[in-house]
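Structure at a glance
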Amino acid sequence: MEQARPRERAGEGAWPRPDATGGTPEGGAGAGARGEHPQDGPATATGPLPGPREPYAPRVVRRASVREQVLQALRAALVSGELAPGEVHSAPALGQRLGVSATPVREAMQQLALEGAVEVVPNRGFRVAERGARELAELAEVRALIEVPVVLRLARTVPAGRWAELRPLAERTVLAASSGCAATYAEADRAFHRALLSLAGNAELVRITEDLHRRSQWPRTGGAAGARGHAELLADAAEHGALLDALVAQDLDVVRRLVGEHFAGAEG
């Protein structure tokens with residue numbers, strides 16, 4: 001039997017509360033503060049009815065936020081290798097580790113199944129998908145086919161000042177790589193690429209490349225946990241700064257070389 005939902009419904013029961021004057025939504029804005037009874041007749045110039053109240057946020061918003069937090073935690077565990085390829089995990093067991101019920105875990109796992117990160121195992125839970133070097137190489141090839149032409153076009157058209165806006169994101173990838181945490185670096189890496197490609201003004205391009213990028217960050221079968229080593233993460237992060245330098249200079253040959261090497265390294 002699944003555990004009771006301990007956290008995602010923590011706000012349940014905390015609905016109508018006294019407002020700043022001591023009243024409640026049911027009794028009017030000032031009724032509770034002065035001990036007055038609500039008027040039986042219509043509003044007068046000295047006692048107008050309160051205006052429409054701001055609606056409380058529905059519980060589904062809180063539930064969705066919990067599911068999103070669980071999803072992000074599971075994605076980080078996949079990247080770090082904490083959830084290793086081939087392992088089978090149940091929603092109740094993962095929920096216990098995360099301090100939530102099985103329901104948001106199961107919903108997050110269903111999303112990961114759509115992304116290809118896990119596979120549904122009937123009556124058992126979810127198996128972390130196994131992938132080899134070939135799949136990672138294919139993902140890197142597809143990313144290169146999409147992103148290289150876009151970056152080269154941006155190199156010709158985007159003013160140098162716009163590239164300067166990406167410098168903090170590039171520096172953040174270096175800090176993330178210095179931490180040695182694969183999950184932290186993966187998030188910073190995606191943020192840099194997402195901001196760069198957003199300059200193309202194509203939301204579908206950003207969505208598709210983000211999905212491919214995330215899938216390329218999952219460790220391959222047989223790889224060590226957090227398979228990319230510290231030195232490899234630092235080298236990958238350094239390429240972001242070098243790429244920005246080349247983009248500012250509009251040096252297309254260097255841009256083409258750096259982007260090509262970047263995706264070659266992503267093949268794992």
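Because the structure is predicted, anything quoted here is derived from the model rather than measured.

**Some remarks on the packing of helix H5 (residues 133-157) against helix H9 (residues 203-216)**
- Relative to each other, H5 and H9 sit at 150°, their axes nearing to 10 Å. Considering their axes alone, H5 and H9 lie roughly antiparallel with respect to each other. Both H5 and H9 take part in a crossing whose hand is left-handed. Facing H5, whose interface residues are Leu136, Leu139, Val142, Arg143, Ile146, Glu147 and Val150, H9 presents Leu205, Ile208, Thr209, Leu212, His213, Arg215 and Ser216.

**Topic: the sheet that holds strand E2 (residues 118-121)**
- In space, the three strands of this open sheet follow the order E1-E3-E2, with antiparallel pairing throughout. Strands at the two margins of the open sheet, each flanked by one partner only, are strand E1 (88-89) and E2.
- The sheet contact formed by E1 and strand E3 (residues 125-128) spans two bridges and is antiparallel. Considered in E3, the bridge of histidine 89 is made with phenylalanine 126.
- Lying on the sheet, helix H4 (residues 102-115) is in contact with E2 and E3; it crosses E2 at an angle near 120°.

**Quick notes on H9**
- Across its 14 residues, H9 extends 20 Å between first and last C-alpha, which sits within 8% of the 20 Å expected from 1.5 Å per residue.
- For H9, the complete set of buried residues consists of Leu205, Val206, Thr209, Glu210, Leu212, His213, Arg214 and Ser216.
- Two or three places before glutamate 204, at the opening of H9, asparagine 202 has a side-chain oxygen 3.1 Å from that residue's backbone nitrogen.

**Regarding the nonpolar core**
- Trp163, Leu166, Leu196, Leu247 and Val255 are the most contacted members of the largest nonpolar core, which has 25 residues in total.
- The set of elements that each furnish at least two residues to this core consists of H5, helix H7 (167-179), helix H8 (182-198), H9, helix H10 (230-249) and helix H11 (252-265).
- Counting residues per element, this core draws most heavily on H5, which supplies six residues.
- Residues in contact with tryptophan 163, not counting those within four places in the same chain, are Leu154, Ala155, Val158, Leu196, Leu199, Leu244, Leu247 and Val248.
- Core analysis: the next-biggest nonpolar cluster, separate from the first, contains 23 residues, Ala77, Leu83, Val118 and Ala182 among them.

**Regarding the pattern of salt bridges**
- For the coordinates displayed, the defined rule picks out 16 salt bridges.
- The closest approach of N and O atoms between aspartate 245 and arginine 167, which form a salt bridge, is 3.1 Å. Within this pair, whereas aspartate 245 is found in helix H10, its partner arginine 167 is found in helix H7, the two being separated by 78 residues in sequence.
- For aspartate 245, a relative accessible area of 44% translates into the label partly exposed.
- The class for arginine 167 is partly exposed, based on a relative accessible area of 25%.
- By sharing partners, the salt bridges in this structure join Arg190, Arg194, Glu210 and Arg214 into a single network.

**Remarks on the side chain of serine 216**
- Relative to the helices and strands, serine 216 is located in helix H9.
- Look at serine 216 and you get buried, because its relative accessible area is 13%.
- At 2.6 Å, the side chain of serine 216 and the backbone oxygen of histidine 213 are in polar contact.
- Apart from residues no more than four positions distant in its own chain, serine 216 is found in contact with Leu136, Leu139 and Arg143.

**Observations regarding the pairing of E3**
- Here E2 runs beside E3; their pairing, made up of four bridges, is antiparallel. Within E3, the residue paired with valine 120 across the bridge is phenylalanine 126.
- Taking the residues between adjacent antiparallel strands as the criterion, E2 and E3 are bridged by three residues, where asparagine 123 takes a positive phi near 65°.

What counts and what doesn't
Residues numbered from 1 in each chain as written. Predicted model: local features only at pLDDT ≥ 70, side-chain atom pairs only at ≥ 80, totals over all residues. Heavy atoms only, no water. Axes fitted to C-alpha atoms, helices over the stretch in contact; angles between N-to-C directions. Helix = DSSP H or I, 4+ residues; strand = E, 2+ residues; numbered from the N terminus. Parallel < 35°, antiparallel > 145°, perpendicular 65-115°, else oblique. Left-handed = near helix turned anticlockwise from the far one by under 90°. Contact = heavy atoms within 4.5 Å. Pairing = 2+ DSSP bridges. Expected span 1.5 Å × (residues − 1). Buried < 20%, exposed > 50% of the residue type's maximum accessible area, 1.4 Å probe, protein only. Polar contact = N/O pair within 3.5 Å; in protein donor to acceptor, adjacent residues only side chain to side chain. Core = buried A, V, L, I, M, F, W, Y, C linked by side-chain atoms within 4.5 Å. Salt bridge = Lys/Arg side-chain N within 4 Å of Asp/Glu carboxyl O.

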